[in-house]
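Given next are the chains, with one letter for each unit.
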Amino acid sequence: MKILLSNDDGYQAPGIIALYEAIKDLGEVEVVAPEHNNSAKSNALTLHSPLYVHQAGNGFRYVNGTPADCVHVALTGLLGYRPDMVVSGINNGANMGDDTIYSGTVGAAMEGYLFGIPAIAFSQTQKGWAHIEAAGRKARDLVQQMLAQQLHKELPWLLNVNIPNLPYEELKSFKVCRLGRRHAAEKVVAQPSPHGDMMYWIGGAGPAKDGADGTDFHATAQGHVSVTPLKVDLTDHDGLKDWAAQLAGRDKAGS
Ligand code: MN
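Parameters at a glance
- Residue positions within a chain follow its written sequence, with the count starting from 1.
- In keeping with the model being predicted, local features are shown solely for residues with a pLDDT of at least 70 and side-chain atom pairs are shown and tallied solely at 80 or more, while totals for entire chains, interfaces and linings include all residues.
- Only hydrogens and water are removed before side-chain values are computed, so all heavy atoms of the structure are retained for them.
- Helix and strand labels come from DSSP, where a helix needs a run of H or I of at least four residues and a strand needs a run of E of at least two; each type is numbered from the N terminus.
- Within these notes, the globule rule equals 2.2 Å times the number of residues to the 0.38 power, and the radius of gyration is based on C-alpha atoms.
- Contact definition: two residues touch when any of their heavy atoms are within 4.5 Å.
- Surface accessibility in these figures is a Shrake-Rupley result with a 1.4 Å probe; residues are shielded only by whichever protein chains are displayed.
- For the purpose of counting charges, residues Lys and Arg are taken to be positive, whereas Asp and Glu are taken to be negative. His and the chain ends are not included.
- Charge coordinates come from a single atom per side chain, which is NZ of Lys, CZ of Arg, CG of Asp or CD of Glu.
- Distance and chemistry together define a polar contact, namely a pair of N or O atoms within 3.5 Å, with one atom able to donate a hydrogen and the other to accept it when in protein, and with adjacent residues in sequence counting only for side-chain atoms on both sides.

K.L.:
Describe the overall build of the chain, with residues and values.
P.N.:
Of regular secondary structure, the chain possesses 7 helices and 13 strands. Computed over C-alpha atoms, the radius of gyration of the chain comes to 20 Å, within 12% of the 18 Å expected from 2.2 N^0.38 for 255 residues, which places it in the range of a compact globule. C-alpha extents for the chain along the principal axes are approximately 65 × 55 × 40 Å. In the chain, of all internal contacts separated by at least 6 residues, the share reaching a separation of at least 24 is 76%. Element-wise, carbon and sulfur atoms account for 54% of the exposed surface of the chain, whose accessible area totals about 13,400 Å². Separation between the mean location of the 21 positive side-chain charges and that of the 27 negative ones in the chain comes to 4 Å.

See the structure below:
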């Protein structure tokens, strides 16, 4: 069993160390992760500057690039073999609802999925790493179950997992649920720079707008570990017919 492990918080983050320690005996686990914090880099690839790979004392390899760069480089040459699974995290903070669009943790896992490899993105719901070892154990439970059920040999799939910051004994079962929605993000923070320019800092994410029963927000608030299967097709399938009718109507009006 070969597992590629990455993240977006960087190769020195407590989350990737905890996840590595938790799953290292499940097979051959190789770490290829960003050198620096690359949170919110989504699926970005670095196309206009070279990437360098270095190895840390603990064997982790790190790249001066994004999470997707790391997985891309690993899968297209660095590893020299095709891993059975790509695992990302554990992220410092929730990746629920709209977060998944921006998340580098999800981006790393999605890069594996786009190469046809089953992938899981793990996040803790609160920042600060409280109970990170419990989260590692819980992540291990899921990876182990996927391997035991041979699910990594099925069609590729992509799971987004959020783990509440609780002791292992207090974590409730895995709960399969849909993504919720967040309110729009908080206001940008503007400050004058020492040189007289205005600097803008992106504000925090908004609170849950749709945290109804059946969402990741709801499940994790109850102490469950949320598991959301993701797909990459952004097509509004429900809207296809309506849009076709709208455009046909326009054509008629215009002719
Ligand atoms: Mn992060």
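K.L.:
Could you give an account of the environment of N95, naming the residues involved and the relevant values?
P.N.:
Along the polypeptide, N95 turns up in the loop between β5 (85–91) and α3 (99–102). Sequence-wise, N95 and Y11 are 84 residues apart; in three dimensions their C-alpha atoms are separated by 19 Å. Contact partners of N95, with chain neighbours within four places excluded, come to T100, S103, T105, S123, N160 and N162. In terms of polar contacts, N95 uses its side chain to reach the side chain of S103, at 3.3 Å.

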